[in-house]
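Chain by chain, the residues:
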Amino acid sequence: MSALTAGSALAVVLPLILLFGFLLHQGASAVNVDFFTRLPKPVGEAGGGMANAIVGSLILIALAGALGLPLGILGGVYLTESRDRRLPWLIRFVADVLNGVPSIVIGIFAYTVVVLPMRRFSALAGGVALAVIMLPIVLRTTEEMMRLVPASLREAALALGLPEWKVILRVVLPTARAGIITGVMVAIARVAGETAPLLFTAFGNRFWHQRLDQPIAALPLQIFAYAIAPYDDWHRQAWAGALVLIALVFLVSLAARIATRGRYSAVR
Amino acid sequence: MTTAAASRSLSSAVVSARARRGWGDRLFRGLARGAALSLILLVTAMIIGMAGAAMPSFRAFGWRFLYTSTWDPVAETFGALPFVYGTLVSSLLALVIAVPLGLGAAIFLAELAPVWIRPPITFLVELVAAVPSVVFGLWGIFVLAPWLRNWVQPALGASLGFLPLFQGPPYGVGMLAAGIILAIMIVPFITAVSREVLLAVPNTQREAALGLGATRWETTRIAVLRYGKSGLIGAVLLGLGRALGETMAVTMVIGNRPEVAISLFAPGYTMASVIANEFTEATSDLYLGALIEIGLLLFAVTVIVNALARLLVWSVGGAVKQVRE
Amino acid sequence: MADGILVKDLNAWFGTLHVLRDIGLAIAPKAVTAIIGPSGCGKSTFIRCLNRMHEVVPSARVSGTVLVEGANLYAPGVDPVEVRRKIGMVFQRANPFPTMSAFDNVAAGLRLAGMRNRAVLNDAVERALTHAALWDEVKDRLDKPGSSLSGGQQQRLCIARALAVEPEVMLMDEPCSALDPIATAKIEELILELRKDLTIVIVTHNMQQAARVSEATGFFLLGELVEFGVTRELFTNPRDKRTEDYITGRFG
């Protein structure tokens with residue numbers, strides 16, 4: 001029986017190894033300086049890169065963070081500090097359910113609230129969609145990490161005569177900082193690879209991005225567009241893009257992992 | 001100074017200080033509460049916005065939308081049955097593959113594996129969960145589908161071809177490819193949540209079984225799995241929720257043909273895929289409405305599945321952490 | 001005008017659990033008052049009512065009057081935050097803020113109350129640490145995390161942190177229960193030193209400690225104040241049978 005379960009565990013991680021092998025094999029040759037610095041070439045011309053898509057992804061992530069992080073962290077603070085019984089339960093539940101809503105549905109939401117009123121696809125709409133995906137993750141991690149802060153610290157600060165909000169901002173949040181950063185990075189890793197909600201919000205763009213109310217390129221969108229196109233050269237670029245994207249996601253995940261390691265030493 | 005006068009001056013100082021400080025606390029509390037409430041506002045806006053946009057389609061087709069299978073944008077006739085069917089079949093196929101593997105891996109990681117090997121494997125499982133959908137899709141198109149077309153489907157056709165499930169020409173892309181890619185994507189998720197559930201089973205349960213002379217596997221079976229049963233069902237449901245809404249990888253390997261076919265070799269289409277493919281082409285309100293109605297349906301189904309799953313997972317040791325991606 | 005602390009009709013609850021019943025006593029200024037009693041008798045709850053920390057716990061309620069320097073802490077409109085600034089508290093376990101250095105820990109109260117002037121902060125920190133008999137031990141390590149100090153030093157750091165905001169009253173909730181005898185002796189010395197300037201209330205389960213450091217002692221049992229009086233008399237000649245049973249070790 002033990003052997004069977006060990007085999008299952010192997011089967012779960014095997015695709016990762018296969019995937020990584022193929023990515024390196026197919027994509028490494030197309031990851032070069034041009035890839036990071038050039039715009040895509042028109043069909044038929046070899047070469048070019050995904051510089052605009054990489055920058056676009058970074059802009060979208062920053063936009064999502066600017067919208068989603070303050071709300072998520074403040075909401076998490078509310079969940080830990082509130083003495084209310086029912087509302088925190090409801091919010092926790094809604095957050096967990098929202099976390100399971102398909103990202104494409106969140107894309108439709110961003111379409112109805114941003115694209116329709118503005119009458120155009122835009123970076124802003126993409127940012128809103130990604131922010132909605134980040135929100136429940138950041139909210140719940142912030143809550144969990146703040147709960148790990150011992151009550152004695154909170155009491156020590158209160159006994160010094162500090163108002164509650166200063167206790168939270170200057171003592172509790174800094175103590176939980178490492179854990180909250182982890183949550184933020186998990187959220188970033190998640191949205192960095194999101195494609196579906198960007199299809200009809202950020203839309204994609206073959207050129208440099210100009211303004212937040214204009215369509216914007218994103219690495220996952222570009223990979224998708226190139227993968228389903230019938231040109232070998234584009235396929236190579238798609239593999240390269242996937243390699244860069246996955247490296248980005250794994251690096252952020254790894255960083256999150258390392259930050260978590262610090263969390264126990266900080267709290268206990 | 002008399003005591004009374006001192007008391008009066010002291011308390012008046014206190015009262016005036018309060019006006020300033022209390023203001024900071026109230027503002028902060030208000031902000032935090034507002035942030036939390038924004039979540040509920042968001043979900044409400046989501047439902048209202050989507051319901052509003054789906055209205056033209058709902059008016060035109062009513063419940064017929066769910067059980068008719070004509071999808072003709074030119075004639076503006078829309079029935080979502082092929083997509084509902086494709087979503088259900090690909091997700092069920094994924095569960096059939098992923099549940100035994102995921103539970104097995106979780107049992108290994110939580111109960112049976114040597115302690116030193118647990119953290120690295122757990123981390124690898126987390127990494128599989130972090131692989132973006134579009135990357136799996138890319139791999140599906142160029143690696144999985146050709147492999148299925150050249151090796152797996154001919155072999156299945158030759159051995160099990162008497163079943164209608166395994167008949168027809170081997171395209172590679174199709175329902176089978178979608179089910180496999182979905183299984184790969186949800187299995188780390190099921191593993192992670194199941195592992196958390198198993199870890200939340202109190203040690204006294206294990207000790208009780210061990211005290212009866214049970215082996216480690218027997219302990220797992222009679223004490224741990226039974227105790228964690230509802231949580232494990234929750235984990236499976238969470239996986240199902242993911243599979244139902246998964247978009248990019250499925251879109252890239254399922255073949256995107258709106259037909260109801262019995263064979264797993266045949267191409268299909270899912271609810272999420274049709275939205276991904278056709279949303280930007282939908283020019284009329286009715287066409288867009290039909291797509292958004294599919295989105296609303298997907299939303300409703302995943303909310304129900306997730307809500308059920310959360311309640312089940314929470315029921316086993318309230319401290320089970322929620323697992324993302 | 002220093003008239004210490006006057007407690008009248010103090011009752012406290014956790015939810016429906018009535019943990020303090022009709023407590024009334026007068027705590028002398030610039031002296032040490034010890035509160036003793038078996039576990040669960042309400043002694044910790046009692047001193048937490050003296051700086052409005054009891055109500056920090058959800059579902060906790062208080063009624064009654066606590067006059068400090070003649071002003072009622074529980075009068076309507078009194079800000080608990082302001083109360084806690086004037087009344088310092090030291091807890092059972094040393095709880096320095098882990099993200100702050102030793103210096104920042106001591107400066108925390110002043111700084112968070114809005115003090116930015118570096119010279120004033122330096123001065124206040126040195127004074128508080130000296131007062132807490134810790135200055136010589138940590139003056140070269142002020143930038144190290146507070147949690148890097150030994151257990152006894154951490155507790156004295158917490159005392160310094162409370163002293164830095166110059167409170168008039170210091171509440172100590174079993175400050176030595178997690179410390180070894182040597183560290184305990186240092187804290188007791190410090191308490192005897194501090195009472196020159198401060199009104200001190202100390203909760204302890206250690207009767208010898210109460211006898212060593214306090215002028216007055218109150219004995220709590222099952223949420224009631226059984227006996228309150230001059231420490232020497234309470235220990236040598238208790239008026240109540242229950243006090244006698246407790247101090248002679250017959251229960252608790």
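Residues numbered from 1 in each chain as written. Chains lettered and ligands numbered in written order. Predicted model: local features only at pLDDT ≥ 70, side-chain atom pairs only at ≥ 80, totals over all residues. Heavy atoms only, no water.

1. Examining the overall build of chain B
Here's step 1: When helices and strands are tallied, chain B shows twelve helices and two strands.
Here's step 2: In chain B, the order of α-helices and β-strands from amino to carboxyl end is α-α-β-β-α-α-α-α-α-α-α-α-α-α.
Here's step 3: Over its C-alpha trace chain B gives a radius of gyration of 27 Å, far above what one expects of a compact globule, namely 20 Å for 325 residues.
Here's step 4: Referenced to the eigenvectors of the C-alpha coordinate spread, the extents of chain B come out at roughly 105 × 65 × 35 Å.
Here's step 5: Put simply, of all contacts in chain B between residues at least 6 apart along the chain, 74% involve residues at least 24 apart.
Here's step 6: Accessible surface, chain B: about 13,700 Å² in total, of which carbon and sulfur atoms supply 68%. (Helix = DSSP H or I, 4+ residues; strand = E, 2+ residues; numbered from the N terminus. Rg over C-alpha atoms; globule rule 2.2 N^0.38 Å. Contact = heavy atoms within 4.5 Å. Areas by Shrake-Rupley, 256 points an atom, 1.4 Å probe, with all protein chains shown as cover.)

2. Some points on the interface of chain A and chain B
Here's step 1: The interface of chain A with chain B comprises 80 residues on the first partner and 79 residues on the second.
Here's step 2: Interface of chain A and chain B: buried area, both sides summed, is about 7,200 Å²; carbon and sulfur atoms make up 80% of it.
Here's step 3: Between chain A and chain B we count three salt bridges in total.
Here's step 4: For Arg310(B), the salt bridge is made with Asp96(A), and the minimal N-O distance between the two is 3.8 Å.
Here's step 5: Counting the contacts that link chain A with chain B gives seven residue pairs in polar contact (both at pLDDT 80 or more).
Here's step 6: Ranked by residues supplied to the side of chain A that touches chain B, first place goes to helix α1 (residues 2-27) of chain A with 14 residues. (Buried area = accessible area lost by both parts, 1.4 Å probe. Salt bridge = Lys/Arg side-chain N within 4 Å of Asp/Glu carboxyl O. Polar contact = N/O pair within 3.5 Å; in protein donor to acceptor, adjacent residues only side chain to side chain.)

3. Some remarks on the sheet that holds strand β8 (residues 199-203) of chain C
All names here are of chain C.
Here's step 1: Across the sheet, which stays open at both edges, the six strands sit in the order β6-β7-β8-β3-β9-β10 with mixed pairing between neighbours. Each of the sheet's edge strands pairs with one partner strand only, and the pair in question is β6 (87-90) and β10 (224-230). Between one strand and the next, the sheet's axes are offset by a mean angle of 15°, whatever the strand orientation.
Here's step 2: The pairing of strand β3 (residues 32-36) with strand β9 (residues 216-221) spans four bridges and is parallel. (Pairing = 2+ DSSP bridges. Axes fitted to C-alpha atoms, helices over the stretch in contact; angles between N-to-C directions.)

4. Considering the pattern of salt bridges
Here's step 1: The full count for this structure, using the stated rule, is 29 salt bridges over all chains.
Here's step 2: The residue Arg257(B) makes a salt bridge to Glu259(B) at a minimum N-O spacing of 3.8 Å.
Here's step 3: Arg257(B) gets classed as partly exposed once you look at its relative accessible area, which sits at 35%.
Here's step 4: The salt bridge involving Glu188(C) is made with Arg212(C); its shortest N-O contact spans 2.6 Å. On the criterion of sequence distance, the pair formed by Glu188(C) in helix α7 (residues 181-194) and Arg212(C) in helix α8 (residues 207-213) is long-range, its members being 24 residues apart.
Here's step 5: Accessibility expressed as a relative area gives 7% for Glu188(C), which makes it buried. (Buried < 20%, exposed > 50% of the residue type's maximum accessible area, 1.4 Å probe, protein only.)

5. Describing the domain arrangement of chain B
All names here are of chain B.
Here's step 1: Splitting chain B by domain gives domain 1 (2-53) and domain 2 (59-324).
Here's step 2: Taken over C-alpha atoms, the centre of domain 1 sits 44 Å from the centre of domain 2.
Here's step 3: In this assembly, six residues from domain 1 lie in contact with five residues from domain 2.
Here's step 4: Buried surface at the junction of domain 1 and domain 2, summed over both partners, amounts to about 470 Å²; 88% is from carbon and sulfur atoms.
Here's step 5: If you sort the residues of domain 1 by the area they bury against domain 2, Ile 47, Met 50 and Ala 53 come out on top, with a joint share of 77%.
Here's step 6: Our enumeration of links across domain 1 and domain 2 arrives at zero salt bridges. (Domains from an automatic or database assignment.)

6. A word on the pairing of β6(C)
All names here are of chain C.
Here's step 1: Neither face of β6 is open: one carries Ile 87 and Met 89, the other Gly 88 and Val 90, and all of them are buried.
Here's step 2: Looking at chain direction, β6 and strand β7 (residues 169-173) are connected through four bridges and run parallel. Counterpart to Val 90 in the pairing with β7 is Met 172.

7. A look at the packing of aromatic side chains
Here's step 1: Evaluation of the coordinates by the stated rule reveals 24 aromatic pairs over all chains.
Here's step 2: Arranged with centres 6.4 Å apart and planes meeting at 65°, the rings of Trp71(B) and Tyr287(B) form a pair that is edge-to-face. A residue pair is termed long-range when its members are at least 10 positions apart, and Trp71(B) in strand β1 (residues 71-72) and Tyr287(B) in helix α12 (residues 285-315) qualify at 216 residues. When sorted by exposure, Trp71(B) lands in the same class as Tyr287(B), which is buried.
Here's step 3: Judged by centre distance (5.1 Å) and plane angle (15°), the rings of Phe78(B) and Tyr287(B) are stacked. Of this pair, Phe78(B) sits in strand β2 (residues 77-78) while Tyr287(B) sits in helix α12, and the two are 209 residues apart along the sequence. Take Phe78(B) and Tyr287(B): they sit in the same class, and that class is buried.
Here's step 4: Above the plane of the ring of Phe189(B) lies Arg242(B), whose end atom (NZ or CZ) is 4.7 Å from the centre.
Here's step 5: Sitting over the ring of Phe97(C), Arg161(C) keeps its end group 4.5 Å from the ring centre. (Phe/Tyr/Trp six-rings, centres within 6.5 Å; stacked < 30°, edge-to-face > 60°. Lys NZ or Arg CZ within 6 Å of the ring centre and 35° of its normal.)

8. A few points about the packing of helix α3 (residues 51-81) of chain A against helix α6 (residues 123-147) of chain A
Residues and elements named next belong to chain A.
Here's step 1: Two numbers describe how α3 lies on α6: the axes approach to 6 Å, and their chain directions differ by 30°. In this view, α3 runs roughly parallel relative to α6, as classed from their interaxial angle. Handedness of the α3/α6 crossing: right-handed.
Here's step 2: When grouped by side-chain class, the residues that make up the contact of α3 with α6 number 19 nonpolar, nine polar and three charged. (Parallel < 35°, antiparallel > 145°, perpendicular 65-115°, else oblique. Left-handed = near helix turned anticlockwise from the far one by under 90°. Nonpolar A, V, L, I, M, F, W, Y, C, P; charged D, E, K, R; others polar.)

9. Considerations on α6(A)
Residues and elements named next belong to chain A.
Here's step 1: Taking 1.5 Å per residue, 25 residues should reach 36 Å; α6 reaches 36 Å between its end C-alpha atoms and fits that length.
Here's step 2: Taking the largest bend as the criterion, α6 deviates by roughly 30°, centred on Met 134, and proline Pro 136 comes between one and four positions later.
Here's step 3: Of all 25 residues making up α6, 23 are buried, and the element is well covered by its neighbours. (Expected span 1.5 Å × (residues − 1). Bend = angle between axes of the 7 residues up to and from the residue.)

10. What to know about the nonpolar core
Here's step 1: Membership of the largest hydrophobic core comes to 182 residues, with the highest contact counts inside it found for Ile104(A), Trp71(B), Val135(B), Phe136(B), Phe279(B) and Ile294(B).
Here's step 2: A total of 17 residues in this core trace back to one element, the largest contributor, which is helix α6 (residues 175-200) of chain B.
Here's step 3: Per-domain counts for this core show at least three residues from each of domain 1 (2-53) and domain 2 (59-324) of chain B.
Here's step 4: When neighbours within four sequence positions are excluded, Phe136(B) is seen to be in contact with Leu19(A), Val128(B), Val131(B), Ile181(B), Ile184(B), Met185(B) and Ala249(B).
Here's step 5: Formed by 55 residues, the second largest nonpolar core is a distinct cluster that contains Leu162(A), Leu20(C), Val78(C) and Val203(C). (Core = buried A, V, L, I, M, F, W, Y, C linked by side-chain atoms within 4.5 Å.)

11. Side note on the state of the cysteines
All names here are of chain C.
Here's step 1: Following the criterion strictly, the structure yields zero disulfides over all chains and no others.
Here's step 2: Free of any disulfide, Cys 158 has its nearest cysteine sulfur in Cys 176, 12 Å distant.
Here's step 3: Residue classification places Cys 158 among the buried residues on the basis of a relative accessible area of 4%. (Disulfide = S-S within 2.5 Å.)

12. Considering the pairing of strand β1 (residues 5-14) of chain C
Residue and element names in this part refer to chain C.
Here's step 1: For β1 and strand β2 (residues 17-27), the ladder comprises seven bridges, and the chain directions are antiparallel. From the neighbouring strand, Trp 13 faces β2, where its bridge partner is His 18.
Here's step 2: Relative to strand β4 (residues 60-68), β1 runs antiparallel, the two being bridged by eight bridges. Directly across from Val 7, in β4, lies its bridge partner Val 66.

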